[in-house]
Amino acid sequence: MKKIVLTMVALMSMTMTFAENEGMNTTEAYNMTVNMKMLARTLNLSQDQVESVTEVHKTFSSEMVFAAQYGKEERSKMVEKAVNKDLAYMNYILNKDQYRKYVMLLNTTLVNRGLK
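So, here is what we can say about the structure in this document. (Residues numbered from 1 in each chain as written. Predicted model: local features only at pLDDT ≥ 70, side-chain atom pairs only at ≥ 80, totals over all residues. Heavy atoms only, no water.)

So, about the pattern of salt bridges. Across all of its chains, the model carries three salt bridges by this definition. Residue lysine 58 is joined to glutamate 55 by a salt bridge in which the shortest nitrogen-to-oxygen separation is 3.7 Å. Taken as a pair, lysine 58 and glutamate 55 lie in helix 3 (residues 47–67) at a separation of three residues, close to a single helical turn. Since its relative accessible area comes to 51%, lysine 58 is described here as exposed. Residue glutamate 55 is classed as partly exposed on the basis of its relative accessible area, which comes to 48%. A salt bridge links aspartate 97 to arginine 100; the nearest nitrogen and oxygen atoms lie 2.5 Å apart. Here aspartate 97 pairs with arginine 100, and both are found in helix 5 (residues 96–112), just three residues apart, close to one helical turn. Overall, aspartate 97 belongs to the partly exposed group, its relative accessible area being 47%. (Salt bridge = Lys/Arg side-chain N within 4 Å of Asp/Glu carboxyl O. Helix = DSSP H or I, 4+ residues; strand = E, 2+ residues; numbered from the N terminus. Buried < 20%, exposed > 50% of the residue type's maximum accessible area, 1.4 Å probe, protein only.)

This is the structure:
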């Protein structure tokens, strides 16, 4: 009887630990902070573009963190809206080659984080 109770306690504690980690990972997936120096180097941005991209990305990151606080249906709509808004601004700032690379990087990031 003692072994059964101890086994149940161990299973319950492991289940609680995994559930906490899943919730934390879900929120962390919406943190879109990037190393702007690496992004600037990858996209070969000019200084003016770096400043503009930094401001647009700050807005995008805050919208994504804000979206993480909502339910699944609202969250997906908010994420889609934030991504479309970000892409529209980046399309205005970047040239065609830079924009193509940025879209590839953003799509890869969203897929890897399970947001798309």
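Resuming the write-up.
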